[in-house]
Structures are given as structure tokens and as C-alpha cells.
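Residues per chain, in single letters:
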Amino acid sequence: MSDDKPDAATRARWLEQLRAGAFPDAQGRYGPFGGRYVPETLVPAHERLEQGVKRWLGDADFQREYQQQLRTWVGRPTALSHAPRLSQRWGADVWLKREDLAHTGAHKINNALGQALLAQRLGAQRIVAETGAGQHGVASAAACARLGLPCTVYMGAVDMERQAPNVGRMRLLGATVVSVTSGDQTLRAAIDEAMRDWVADPEHTYYLLGSAVGAHPYPYLVRELQSIIGREARAQIQQQAGGLPDLVIACVGGGSNAIGLFHPFVNDASVAIVGVEAGGRGAGLGDNAAPLSFGRPGVLHGSYSMLMQDGDGQIQETHSVSAGLDYPGVGPEHALLQACGRVHYEAAGDDESLAAVRECCECEGILPAIESAHALAGARRWAKAHPGKRILVGLSGRGDKDMLTLSQTLLANAPAGAR
Ligand SMILES: *Cc1c(COP(=O)(O)O)cnc(C)c1O
């Protein structure tokens, strides 16, 4: 695909296929996006995984065990909380899907647990995972400890320094954390290293990828495991509010919490859907992590999707105050949802997202992750433009992990003794 926008007929066809549940297709594509652009050495490992997903994901025994662990260990279903004071301030009817209440503090455990159970079924003897901010590493380490699987987490050397508390959490949970000093020494290099480890022995090693990105079948597998968020929320809001929301909104890094929340609402024609990327300091190159808003299509980590890259196709540095949104790519299904017009994507900046952290704390008694606060910032904007509507916000995680950043920003700016 070129950078040119697809014509109206093409977009209409994608939308129709989307509604019919045609994605991913047999090649793991979402329209022009997705697929499997990997070196020869990685093909057998991905094919093995694809067969495993086909065999086990719908298996009654697998699902029984997964649902049981979600209930008794993760703490699902997570609450749907009405937000009366935000509702009053924004002139809307605001509801929060509380993934911050899930074990380890975010939605990531839904995916980590599901894939760890799958790995067990596939006969894996060890798990490898990548992590950026450390949240997926912690979720993976916890799931592996629970199932008695050895876990190795690759983490960029730069990230290990920035996210030291999570390194300690992973080690306490029994994981081996390997410092990655190649490439950019952050998430991108960590993914490359985890793949290298996986491909060395794909029969006994399972690669537990942390978002709805990468080559087929990962974006599909992660969407299926995270869709529990949207299925629960859809039933809860109908029961508690008496109907569907007018808007469903979530933050988008790689896109796993968002696709999990959005997927069960895609065919609800009355429901608007918005994804909020990390707008960082602004629209300039290197100032944000918002590939759907400011990027161009290209291949990263085996998948064709929207990317932050320069004119020569070099991946750009990204910036966000939120470590969990700081990734130059995005899951291919989001690229399609944008291209066919079903979901609108926009960016929320560092400052308005930090302000949304404070507002959520003060109005609702909930300290959200800075990632999740991007969704709140987007919701606030939408509420002002569409008064009186019912809004479902995906609160992807809790903000305790962000205390260092918050003490250097929100708390540092408050006059002494003022709060
Ligand atoms: C990791 C993380 C995200 C971003 O990841 P997605 O795959 O886009 O969901 C968002 N919120 C929280 C709390 C996270 O930990």
C-alpha cells in the first residue's frame, strides 16, 4: 500500500468484511495490514504457534481452566464503576471499566495468563517475554510463577534503569531478567532479543508477546485473550446503565487493552469508538508515540502497520510521559479500524494526560496509570463536544507504578502545602 488514502469503495468493502468478522484472513491480514513479515528462521516457530492457537484457544478444557484462573486469581470480572463527579464536571454520563483492579494492576495479566496456559498445552518448558516499562514482564513473571514455568524477561538496559522497581518485582516473582544492550536498549531491542531466544528452540520455548502487535497469529491471539474486557463491560453497562454507551474510548500503545475493549462493540452501529495515542510534547518528529496520528505504513516486528518513521523508513525515536505507550508501532487491526473509518484515533499530550490523572484522583478516588489517563483526557474532550452522552472509558491500569514520574511532575508543580 502506498501512503495514499484508500478510496471510498475500498474502505466500504473493508468495513463490510470487518462487520462480517472476516479479519484476520487466512494470511493473518487485516485488509492490507498485519501478515507475517519475518525471516525464514522465524517461520516454523510462528506456524507452530498458529497451529497451537487453532487447536487450543477454543478447547473447552483450556477455556475452563483459563476462566477459572481469571475468576479466582486475576479477580475477574473487574468492576464497572459509575463516575458521578467526573460525569457532573464533564456534562456526561461516565463509566469506568476498572482493569486497574486486575491482579498485578492492569489488563496485561489477561494476556499473560492466557498465553502461559497455552504454552503449557504446547509442551513448552520455559517462557521468554519482552518488557518495556516492566508491566508485561511483571504480569508474565506472575503467570509463570503461578503455573510453575521458568520465565526469562528481556529488558532494554536503559529501561532497566528507568524502571528499577519493576525489575525487583520480576525477580521476586522468580523471573530471570536479562539486560539488552543492543540497538536502542529499549523495548524494540528487547523484542528482537526475545525472538532470537525463541527461535533457537521453538519446541521447548514459548515467546509470550505483550501486546496486539507482531506477526500473525499474535495480534489475533492477544485480541481474543483481551476481549474479556469488552465482553464484561458490554454486559455490565447494559445491566447497570440500562443500555449501550454512546462512546467507547481507550488508550492505545501497542493496542491490546483498546482492541480488547473495542472488539465486542465493533458491530454496534450506535456506538462511537475512539482510540487515544500518546501525543507527548506535540506533533514534531520524536516528540510523540502516535503512529496512527502522525506515522506512515511500514513493517516492524513482522507486521505491516502504521509506524513512526522518517522519509528513509528509519524508525523514529518516540517520546511519551507514559512509558507503557512509548512504542513506535501499533497493532495492525487498529490500522484497519482507522483506514475503514470504524474507529477514530487521536492523540492526547503529556500535560493534559497528567491533568487527567489528577482529576480522576480528586473526583473519583482512583489513581489511574498515566497510560489510562490518556483515555480520560480524550473522553473529557469528547464529552465537551457531545453533551449529555454515555461514555465508557477503559481504565487500563493503576498509577501506583507511576509515582516517581508523578512526584517529578504533578507533585513538583504544586505549591508546598497546597494539597
Ligand atoms: C502496557 C500498558 C498500556 C499499553 O499497552 P496496550 O497494549 O496498548 O494496551 C496501557 N495501559 C497500561 C496500564 C499498561 O500497563
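Just so you know, these numbers come straight off a predicted model, no measurement behind them. (Residues numbered from 1 in each chain as written. Predicted model: local features only at pLDDT ≥ 70, side-chain atom pairs only at ≥ 80, totals over all residues. Heavy atoms only, no water.)

S.K.: Would you explain the overall build of the protein chain in this entry?
M.R.: On a plain count of helices and strands, the protein chain comes out with 18 helices and 14 strands. The C-alpha radius of gyration of the protein chain comes to 20 Å, within 12% of the 22 Å expected for a compact globule of 419 residues. For the protein chain, the proportion of its 419 residues judged to be buried stands at 61%. Contacts in the protein chain between residues far apart in sequence, at least 24 positions, make up 73% of those at least 6 positions apart. Carbon and sulfur atoms form 49% of the exposed surface of the protein chain, whose accessible area is close to 16,200 Å². For the protein chain, the centre of its 40 positive side-chain charges and the centre of its 44 negative side-chain charges are spaced 6 Å apart. (Helix = DSSP H or I, 4+ residues; strand = E, 2+ residues; numbered from the N terminus. Rg over C-alpha atoms; globule rule 2.2 N^0.38 Å. Buried < 20%, exposed > 50% of the residue type's maximum accessible area, 1.4 Å probe, protein only. Contact = heavy atoms within 4.5 Å. Areas by Shrake-Rupley, 256 points an atom, 1.4 Å probe, with all protein chains shown as cover. Lys, Arg positive; Asp, Glu negative; His and termini not counted. Charge placed at Lys NZ, Arg CZ, Asp CG, Glu CD.)

S.K.: I keep staring at the site of the ligand and nothing clicks. Help me out?
M.R.: Around the ligand, the structure places 18 residues, and the nearest of them are Lys108, Ser211, Gly255, Ser256 and Ser396. In the environment of the ligand, an oxygen atom lies 2.9 Å from a nitrogen or oxygen atom belonging to the side chain of His107. Separating an oxygen atom of the ligand from a backbone N or O atom of Gly255 is a distance of 2.8 Å. Against a free-state accessible area of 380 Å², the protein chains account for coverage of 97% of the ligand. (Near = heavy atom within 4 Å. Polar contact = N/O pair within 3.5 Å; in protein donor to acceptor, adjacent residues only side chain to side chain.)

S.K.: Which parts of the structure should I look at to understand the nonpolar core?
M.R.: Side chains that are nonpolar tend, in soluble globular proteins, to be buried together. Counting 99 residues, the largest nonpolar core has Leu18, Leu118, Tyr206, Tyr207, Leu261, Phe262 and Leu392 as its most contacted members. Residue contributions to this core reach at least three from each of two domains, namely domain 1 (31–69 + 108–222) and domain 2 (75–105 + 227–418). The next biggest cluster of nonpolar side chains, apart from the first, holds 35 residues, and it includes Cys251, Ala383, Ile391 and Val393. (Core = buried A, V, L, I, M, F, W, Y, C linked by side-chain atoms within 4.5 Å. Domains from an automatic or database assignment.)

S.K.: Mind showing me how you'd approach the side chain of Thr205 here?
M.R.: Positionally, Thr205 belongs in strand β8 (residues 205–208). Apart from residues lying up to four places away in sequence, Thr205 is in contact with Ala124, Arg126, Val128, Asp197 and Trp198.

S.K.: I tried to follow the domain arrangement of the protein chain on my own but got confused; where do I start?
M.R.: How large an interface is tends to be reported as the accessible area lost when its parts come together. The domains assigned to the protein chain are domain 1 (31–69 + 108–222) and domain 2 (75–105 + 227–418). Summarising the inter-unit geometry, the C-alpha centres of domain 1 and domain 2 are found 23 Å apart. With 31 residues of domain 1 at the interface, the matching set in domain 2 holds 30 residues. Looking only at domain 1, the three residues that lose the most surface to domain 2 are Phe33, Asn110 and Arg188, adding up to 26% of its buried area. Between domain 1 and domain 2 we count eight residue pairs in polar contact (both at pLDDT 80 or more) in total. Among the elements of the structure, β2 (33–34), α5 (108–121), α6 (135–147), α9 (187–200) and α10 (218–226) are those that each provide at least two residues to the side of domain 1 that touches domain 2. The element contributing the most residues to the side of domain 1 that touches domain 2 is α9, with five residues. In terms of residue class, the side of domain 1 that touches domain 2 is built from 17 nonpolar, 10 polar and four charged. (Buried area = accessible area lost by both parts, 1.4 Å probe. Nonpolar A, V, L, I, M, F, W, Y, C, P; charged D, E, K, R; others polar.)

S.K.: How should I be thinking about the sheet that holds strand β5 (residues 126–131) in this particular structure?
M.R.: Strands in a sheet are paired, the pairing made by backbone hydrogen bonds, and the direction either parallel or antiparallel. Across the sheet, which stays open at both edges, the four strands sit in the order β7-β6-β5-β8 with parallel pairing between neighbours. Unpaired on one side and paired on the other, β7 (176–180) and β8 mark the two borders of the sheet. Taken over all neighbouring pairs, the strand axes of this sheet differ in orientation by 25° on average, direction set aside. Pairing analysis gives five bridges linking strand β6 (residues 151–156) to β7, with the strands arranged parallel. Its bridge partner being in β7, Val153 is matched across the sheet by Val177. With respect to the sheet, α6 is in contact with β5, β6 and β8, its orientation differing from that of β5 by roughly 165°. (Pairing = 2+ DSSP bridges. Axes fitted to C-alpha atoms, helices over the stretch in contact; angles between N-to-C directions.)

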